[in-house]
Every structure is written in structure tokens, then in C-alpha cells.
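Observations on the three-dimensional arrangement
The chain contents come next:
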Amino acid sequence: MLTTNPFDDDKLKEECGIFGIWGAEGASSFVALGLHALQHRGQEAAGITSFDGHHFHTHRAMGHVAGNFDRDDIIRRLAGDVAIGHVRYSTTGETALRNVQPLFAELAQGGFAVAHNGNLSNAMTLRKALIRRGSIFQSTSDTEVIIHLVATSSYTAPLDRLTDALGQVEGAYSLVVLTPDGLVGCRDPLGIRPLVMGKLGDATIFASESVALDVIGATYVRDVEPGELVIVDASGIRSVRPFAKAAPRPCIFEHVYFARPDSIVEGSSVYETRKAIGAVLSREAPVEADYVVPVPDSGVPAAIGFSQESGIPFELGIIRSHYVGRTFIQPNDGIRHLGVKLKHNANSALIKGKRIVLIDDSIVRGTTSMKIVQMMRDAGAAEVHMRIASPPTRHSCFYGVDTPERSKLLAAQMDVAEMARHINADSLAFISIDGLYRALGDGRDSAKPQRCDACFTGDYPTTLTDCDPKAPPLALVASR
């Protein structure tokens, strides 16, 4: 089998998206729609757990939301007016149904279901301690560590048990938790991973991105704040902040690539932010060219900003087909090679004889950039320049993003000039880290960075108990 989205395979991938709703008749239908809107955050598996006041109901499946949760018989079985859901992208760990979320367990206090976006950077240490105390794990997911910590807590009240568990974990988490007592949405004290809150009539909603609210006709209320637990139950909505206050460090890459362009992140339009990034990039790394060409689809907003700022016309020099499945069967090497063009193809009539500046969101391994540059040259481009709407990715992420080990990150092995020669571009430039912050509306405080930018700077905001940042990625915590 050959993946026919070669330009998408060499990207940093967000590991999951979460959605929860309380107080809506047919809650699972709304969750399914919300997960459709979050499909870009995890395309390998999906799951929904509902509660009807007496019993929990769960359906989890490999593959996309469509095809699994567009069947009436499945949605009918997920009864109740409260439900949570999850879309998943696994990394170096096992791809198996047992790791698909939401995870559910029957605890002494009743059913407990959780959906998690993020990675716990001390999950292996905690797991070993729990196993020594008698815990029996059913998955290889770091999320299950949270369930066992709740189950073994010495506190009595469910909220106290959850708070006790979260007080022991390190790293990044946004959670939606479903119990017989209510629905909880929470973020880690640094707010590394996103979570928003919305309303649909009397129903309360939590989602990884605001676009999931738009899809179901809900109204955005606010972001769940870093370190906050929002509890929704029969008595209403309340908020607690049980952890020591810390300076927030939300993930900067949400603005660059992860979030959908039609989402609002940290109160700002992702689309407008990406255009601003392109404009700053144009000022920092000008180039003489005939056309600005985005690498579809993630490079489009930044390319528009680059074009508007530079005055160089924006053109679609690469055409993407939206009607190709992820894989196809190829009988020989010749057909396999042709499969690359099923997803993207050069607009040769436009490109021939022209100087092209390609705009992409990032360079990870460099394999994609090499293919794109060669595609432009094969189409007859006179010059091919490349501009990247993020700084060089030199460090692995341990907070919920699929990042190759450092030895496979091109920018960790080469300087920019070497990278340009490697991908065969006439020139290559990245936006600076200070320029990226300016595009987001502020300047970077090098002593106390306002966001998690560790993939660019190596400045990790939390302790990495399980891992040396110079070592390969965590096998356990990346297995969700």
C-alpha cells in the first residue's frame, strides 16, 4: 500500500482532538459532528462514550469519523444527553483498538471515561510505580495512567480524586472526563494543549477548537484557562483552580499549522494570524520572483500574506486533488511512482519559465520539500525559492505532537544553507522566532517565553522525567 498524500506525511502531526457535551438530547450525534470538524487532529481512530443516567455506552473504531459514526444504529446505541469523544493519531507506539479513546473503567465510585489531548512526560515513571502497587494496565496509552491514579487516590470525593491524580502528572493535557456525577473539562497548569468552552441552548460543550462549535451551531464562550477544571452537572457550572498559578505556555504551533484556519486560538483568528506570519516572512526574507505559490493546503494563508506584503502575485502553482483516498494498491514500481501525482500536481502552464517562491508551514525531514522543489523544476520553473512560515524545527516535542527523533529532523543536522542545497532550492529562508512572535502580536520574552516553542528553541516548559530531550521519542507516551 502507498500513501498518496506524500506532502502530508512529512508534517508534524497533532495527536488528537477531544469533544464533550452536557445537557443535549441525542448528545452523541453532536459529538460525532464535532469530531468531524476535528478530524484533522487525528485521522487514525475515533471513539464516543455516552451516559444515559444509568449506563455508559461506548463505541470505538479504527479509521475516520465518517464511516464509523454516520450510522443510525451506532448513534442510537450511544444513548444519553451527555457524551464525550476523541479522534486519535498514534505515533511510535502500537496502533490498536485498545488504545482508542475515550478510555473507560468501572471504579469504586462508578463509571469513569476520559478523552485526552496531550502527552504526560512522566507517564512511564508513574506506570511503573502503579504496577508495583498492583495496577493492571489494559492499554499502552499514557492516558490510562490518569485512570489508575484516580482509582488509587486516597481521597473520597470524585473531583478531589481527579485533582489528586492530575497533581501527580507532568507534561501536557486537555481532558474531558465523564462520570455519573457530571462532565469535567480541564487543562494543564501551563495550558500547553487547547480547550474551548461553548453553549448550544442549555447545553455546555468542550472542544479542542472553536471550529467544532461552529459546526453544530454552538456559541463560543471562552477558553478553559490553564490549570482550570470546569465542572458541569445537574446543579449548573462551576470552576475550580486547584493548582499553583503558573505563567501559561500554550503551544505556538497551533497558530502555525495544527488548528484549522477557521478556528479562533487565544482570541485570534488562525487565518489572519497565518497571513500575518506570511507578511513578516516577506519582510524578513524578501526574494525576487514572478509568483508566490503555496504548498497546499497548509501554506495557503501564509502565502496570501507573503504575496500581499511583497506585491508578488499569488498563484496556484500546485493543484491538489481532494478526491483521492489515503492509499491505493500499486502492482509495480512505475505505478507506485505515478501515485505521488494523484494528490498533487504542478500547474505546468503557469510555472514554465517563471521564478517561483514556494511557501510552506514547516520543514521536518525535508523529504516533502525535495519533492515539491523537483516538481517545480520538472514543470520548467526558471528559479525555485522556498520560504517557511515557522522557524527551523530542531527539537522533538514531548507534549502531544508526533515529532521524529532529532537525528531525523533536517534542521537539527544542517544549517539553512546546507538545507537549501539538500532540497535543491535556489534559496531557502525561515521566519525568525522573534518574527513569529511579532506576527502573533507580541515580542518573545527570552527569559520567560509566553508560549511553548520548544520544537524551535529547545526551551521545554516542564520537567521531562521519562526522557532525555536528546534521546529518541518516548515510546509509551507517544503510543496513543
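From a predicted model like this one, the values you see are computed outputs, not experimental measurements.

Rules used in this analysis
- Residues numbered from 1 in each chain as written.
- Predicted model: local features only at pLDDT ≥ 70, side-chain atom pairs only at ≥ 80, totals over all residues.
- Heavy atoms only, no water.
- Helix = DSSP H or I, 4+ residues; strand = E, 2+ residues; numbered from the N terminus.
- Buried < 20%, exposed > 50% of the residue type's maximum accessible area, 1.4 Å probe, protein only.
- Pairing = 2+ DSSP bridges.
- Core = buried A, V, L, I, M, F, W, Y, C linked by side-chain atoms within 4.5 Å.
- Contact = heavy atoms within 4.5 Å.
- pLDDT = per-residue confidence, 0-100.
- Polar contact = N/O pair within 3.5 Å; in protein donor to acceptor, adjacent residues only side chain to side chain.
- Axes fitted to C-alpha atoms, helices over the stretch in contact; angles between N-to-C directions.

1. Side note on unusual backbone geometry
Geometrically, the link from Gln-101 to Pro-102 is a cis peptide bond, its omega value of 0° lying close to zero. Mapped onto the secondary structure, Pro-102 falls in the loop between β6 (82-88) and β7 (103-107). With an omega dihedral of -10°, the bond running from Pro-296 to Asp-297 counts as a cis peptide bond. Assignment of secondary structure puts Asp-297 in the loop between β18 (291-294) and α10 (300-310). With a phi close to 55°, Glu-266 is a non-glycine residue in the positive phi region. In this structure, Glu-266 sits in the loop between β16 (264-265) and β17 (268-269). What makes Glu-266 partly exposed here is its relative accessible area of 33%. At Asn-424, a residue that is not glycine, the phi angle is positive and equals roughly 65°. Classification of Asn-424 as partly exposed rests on a relative accessible area of 38%.

2. Structural notes on the pairing of strand β11 (residues 196-200)
Both β11 and strand β12 (residues 203-207) contribute to a ladder of five bridges, which runs antiparallel. Bridging across to β12, Val-196 finds its partner in Ala-207. In sequence, β11 turns back onto β12 through a hairpin of two residues, with Gly-201 there showing a positive phi of about 65°.

3. Focus on the nonpolar core
Generally speaking, soluble globular proteins have nonpolar side chains that are buried together. Among the nonpolar cores identified, the biggest contains 40 residues, and Tyr-399 and Leu-436 are the most heavily contacted of them. Where this core is concerned, the elements lending two or more residues are α8 (253-258), α9 (270-284), α10, β22 (355-360), α16 (433-439) and α17 (454-457). Tallying contributions element by element places α16 first for this core, with four residues. What Leu-436 contacts, discounting residues up to four positions off in sequence, is Ile-252, Val-256, Ile-277, Pro-391, Ile-431 and Phe-456.

4. Digging into the confidence of the model for the chain
Residues at a pLDDT of 70 or more form 89% of the chain, whose mean pLDDT is 90. Confidence over residues 1-7 falls short of pLDDT 50; this stretch has 33 contacts with residues more than four positions distant or in other chains.

5. A closer look at the side chain of Thr-49
Examined against the element boundaries, Thr-49 turns out to sit in strand β4 (residues 45-51). Accessibility expressed as a relative area gives 0% for Thr-49, which makes it buried. Side-chain polar atoms of Thr-49 contact the side chain of Thr-58, separated by 2.9 Å.

6. A word on the sheet that holds β7
Pairing in this open sheet of six strands is antiparallel, and the strands run β7-β8-β9-β10-β14-β15 from one edge to the other. Edge positions in the sheet fall to β7 and β15 (236-240), since each has one partner strand and no second. Neighbouring strand axes in the sheet, compared pairwise and without regard to direction, differ in orientation by 20° on average. Direction of pairing for β7 relative to strand β8 (residues 110-117): antiparallel, over a ladder of five bridges. From the neighbouring strand, Leu-107 faces β8, where its bridge partner is Gly-110. In this fold helix α5 (residues 143-151) packs onto β7, β8 and β9 (174-179), with an angle of close to 15° to the strand it touches most, β7. Set on the sheet, helix α6 (residues 158-166) makes contact with β8, β9, β10 (182-187), β14 (229-233) and β15; between it and β14 the angle comes to about 155°.

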